[in-house]
Amino acid sequence: MRRGMTKSQEIAHDLREQILSGTLSGGEALPSESKMMSQYGYSRETIRAGVRLLIDEGLVVTGQGQGKYVREDYPRVVWNWTTLESRSRHANAVEGRTAGDQWASVITETGSAPRQDITVSIVVPPAHVRECLGLPEDGLAVARKRVRLIDSRPYALADSYFPQELVSGTPLMEPRDVSAPGGILASIGLVQAKYVDEISVRMPTRQEAELLALPAATPIAEHTRTGYDSEGRPLRCMVTILPGDRHKILYEVSTD
């Protein structure tokens, strides 16, 4: 037994080293409990306790049945939030150089296949969204909720909220991908002149973890972007949930 470690910690340490070194690769099954009992000379309960430590760390996940597997790595998507939804990208869409949907165009540029599962409803928005949109307590919003998948794997949740009176009867009410040259809001006369971004980091809710198939111990970034017109009127609030194991956010900030 390693000095200063309990038996279960020793098992977790050895398996962790194998995972981090690549000896056990993503998606590979751990050795069977019987094999580890023989290897370490410890009881089944001690073996299970060691593996549970790695499950709590998020390095090991439980598969179908009783199998335990090394957590798979997701290829990371780099998001440049400085230019995403910028006028320059909208101009490129007009000229046919990018797809109309900016998220889809970013994914397509990486050589992957984007897909969005979309639902649309009229809701009383969450309190922080209501505040961003400047709605009264009983104010209603149109919610476009999207599960965003890359190569059929869930990568993000993106919920966009619009004041109901601004978008009723527009394509934003349609439960499918909608886009337009220059941006769908601009196409209906609602031009976003600036954005305000907020980022918080937290653990996911149960619903978020289920929708994104998140292993245990996976933090998420919650990115809230509120778009305003030239007079400071809020037009849209988008809340994006980005799992920490598959995203990188990039900002370019001028020193002026």
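What counts, and where the lines are drawn
Residues numbered from 1 in each chain as written. Predicted model: local features only at pLDDT ≥ 70, side-chain atom pairs only at ≥ 80, totals over all residues. Heavy atoms only, no water. Helix = DSSP H or I, 4+ residues; strand = E, 2+ residues; numbered from the N terminus. Buried < 20%, exposed > 50% of the residue type's maximum accessible area, 1.4 Å probe, protein only. Lys, Arg positive; Asp, Glu negative; His and termini not counted. Salt bridge = Lys/Arg side-chain N within 4 Å of Asp/Glu carboxyl O. Expected span 1.5 Å × (residues − 1). Patch = residues over 30% accessible without salt bridge, like charges linked within 9 Å, V, L, I, M, F, W, Y side chains within 5 Å. Areas by Shrake-Rupley, 256 points an atom, 1.4 Å probe, with all protein chains shown as cover. Phe/Tyr/Trp six-rings, centres within 6.5 Å; stacked < 30°, edge-to-face > 60°. Lys NZ or Arg CZ within 6 Å of the ring centre and 35° of its normal. Pairing = 2+ DSSP bridges. Axes fitted to C-alpha atoms, helices over the stretch in contact; angles between N-to-C directions. Contact = heavy atoms within 4.5 Å.

What about the side chain of Arg144?
- Secondary-structure assignment places Arg144 in strand 5 (residues 141–150).
- No salt bridge is formed by the buried Arg144; the nearest opposite charge belongs to Asp177, separated by 5.6 Å.

Brief notes about helix 3 (residues 44–57)
- Under the 1.5 Å per step criterion, the end-to-end length of helix 3 is 20 Å for 14 residues, consistent within 8% with the ideal 20 Å.
- Those residues of helix 3 that sit buried are Thr46, Ile47, Gly50, Val51, Leu54 and Ile55.
- A positive phi of about 90 degrees marks Gly58, the residue just after helix 3.

Structural notes on a nonpolar patch on the surface
- There is a patch of nonpolar side chains on the surface, built from Ile199, Val201, Tyr251 and Val253 and spanning about 410 Å² of accessible area.
- Assignment of secondary structure puts Val201 in strand 7 (residues 194–202).

Considering the packing of aromatic side chains
- Evaluated as defined, the whole model comprises three aromatic pairs.
- For the pair Trp79 and Trp81, a centre-to-centre distance of 6.4 Å together with 35 degrees between the ring planes defines the contact as tilted.
- On the basis of relative accessible area, Trp79 is assigned to the buried category, the value being 4%.
- For Trp81, a relative accessible area of 4% gives the class buried.
- Looking at Arg153, its charged tip hangs above the ring of Tyr74, at a distance of 3.9 Å from the centre.
- Taking NZ or CZ as reference, Arg225 lies 4.5 Å from the ring centre of Tyr195, over its face.

Regarding unusual backbone geometry
- If you check the backbone angles, Ser152 has positive phi at about 70 degrees while not being a glycine.
- As for its position among the elements, Ser152 is in the loop between strand 5 and strand 6 (153–163).
- Overall, Ser152 belongs to the exposed group, its relative accessible area being 57%.

Quick word on the pattern of salt bridges
- One pass over the full model with this rule turns up twelve salt bridges.
- Note that Arg115 is salt-bridged to Asp117, the shortest N-O span being 3.2 Å.
- Overall, the relative accessible area of 39% leaves Arg115 in the partly exposed class.
- Among the charged side chains, a network of salt bridges with common partners joins Glu33, Arg44 and Arg48.

Observations regarding the sheet that holds strand 4 (residues 114–123)
- Pairing in this open sheet of six strands is antiparallel, and the strands run 4-5-6-9-8-7 from one edge to the other. Both edges of this open sheet fall to strand 4 and strand 7, since each of them pairs with a single strand only. Within this sheet the neighbouring strands show an average axis-to-axis angle of 15 degrees, counted without direction.
- Judged from the five bridges that link them, strand 6 and strand 9 (residues 234–243) form a sheet pairing that is antiparallel. When the bridges of strand 9 are listed, Leu157 appears paired with Ile241.
- Along the sheet, helix 5 (residues 102–109) makes contact with strand 4 and strand 5, crossing strand 4 at roughly 165 degrees.

Structural measurements only, silent on function.
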